[in-house]
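# Chain and residue survey
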Amino acid sequence: MGELASRQQLFMSLLRRAVVTVPAILLLGIGSGRLANSGYDNLWFQALVKPDIVPPGWVFAVAWSLLYVLLGIAIAIILNARGARLRGIAIALFVIQLLLNLSWSPLFFAAHQVWTALGVIIAILLLSIATTLVFARIRKAAAWLMLPYLLWLGFATVLNYEIGRLNPDAHALVPGQATTQIAL
């Protein structure tokens, strides 16, 4: 009974975890966006003045789908690292940053709280950095899988800030009404 698991057994264990974590995180992310009516179909978002660096809508769908898959694999690797000293902390950090991530779209797209969403995305970024550092102490592969997420969060933080700067009254913008950017 005291035998070590073979590489194949460890891989199959990881695969079983990933079969659960990847679709779960992907569906949670997509669900959060759909419930908040996020994206270019949102009339409020259409009415906002956007910075030149905003990519086309399809880029967000592809990027977030890939990022959620990478996050699902990363947490599966950590979940599979049974007996790792920092595993509990790593899982807790991951879950907290994921919950904040899932709250961002409703705050931004549904509640129109651009500045609150900026505070949330900064918290997500900081927690994700901490998560990545703890992941690196458990399994370096999991930390590397977090890197694209960190880069995208940095970019998304800049976008969030720029949209807030360009739309100081975004919370009061009524979709479908003509707006001007003329200050009196």
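Thresholds, definitions, all that
- Residues numbered from 1 in each chain as written.
- Predicted model: local features only at pLDDT ≥ 70, side-chain atom pairs only at ≥ 80, totals over all residues.
- Heavy atoms only, no water.
- Salt bridge = Lys/Arg side-chain N within 4 Å of Asp/Glu carboxyl O.
- Helix = DSSP H or I, 4+ residues; strand = E, 2+ residues; numbered from the N terminus.
- Axes fitted to C-alpha atoms, helices over the stretch in contact; angles between N-to-C directions.
- Parallel < 35°, antiparallel > 145°, perpendicular 65-115°, else oblique.
- Left-handed = near helix turned anticlockwise from the far one by under 90°.
- Contact = heavy atoms within 4.5 Å.
- Nonpolar A, V, L, I, M, F, W, Y, C, P; charged D, E, K, R; others polar.
- Core = buried A, V, L, I, M, F, W, Y, C linked by side-chain atoms within 4.5 Å.
- Buried < 20%, exposed > 50% of the residue type's maximum accessible area, 1.4 Å probe, protein only.

### Considerations on the pattern of salt bridges
Considering all chains together, one arrives at one salt bridge under this definition. A salt bridge links Arg-165 to Glu-162, with the nearest nitrogen and oxygen atoms 2.6 Å apart. Residue Arg-165 and its partner Glu-162 are both found in helix 6 (residues 140-166); the two are separated by three residues, about one turn of the helix.

### With respect to the packing of helix 3 (residues 57-79) against helix 4 (residues 87-110)
A pair of packed helices is characterised by two quantities: the angle between their axes and the separation of those axes. Put simply, helix 3 and helix 4 touch, their axes get as near as 10 Å, and they point 160° apart. Taken together, helix 3 and helix 4 sit at an angle that is classed as roughly antiparallel. Judged by the twist between their axes, the crossing of helix 3 over helix 4 is left-handed. Along its contact with helix 3, which presents Trp-64, Tyr-68, Leu-71, Ile-75, Ile-78 and Leu-79, the element helix 4 presents Arg-87, Ala-90, Ile-91, Phe-94 and Asn-101. Residues belonging to the contact of helix 3 with helix 4 are distributed by class as follows: nine nonpolar, one polar and one charged.

### Some points on the nonpolar core
Nonpolar side chains tend toward joint burial in soluble globular proteins. Among the nonpolar cores identified, the biggest contains 45 residues, and Trp-44, Leu-48, Phe-94, Trp-104, Phe-108 and Phe-135 are the most heavily contacted of them. Mapped by element, the contributors of at least two residues to this core are helix 2 (43-47), helix 3, helix 4, helix 5 (114-138) and helix 6. With ten residues, the single largest contributor to this core is helix 5.

### Thoughts on the side chain of Ser-105
Structurally, Ser-105 can be placed in helix 4. Aside from chain neighbours lying at most four places away, what touches Ser-105 is Ser-32, Gly-33, Ala-36, Ser-38 and Ala-110.

### Notes on the packing of helix 4 against helix 5
Contact geometry of helix 4 with helix 5 gives a least axis separation of 8 Å together with a crossing angle of 160°. One finds that helix 4 runs roughly antiparallel with respect to helix 5. Regarding helix 4 and helix 5, the two cross each other, and that crossing is left-handed. Residue composition of the contact of helix 4 with helix 5, by class: 20 nonpolar, six polar and one charged.

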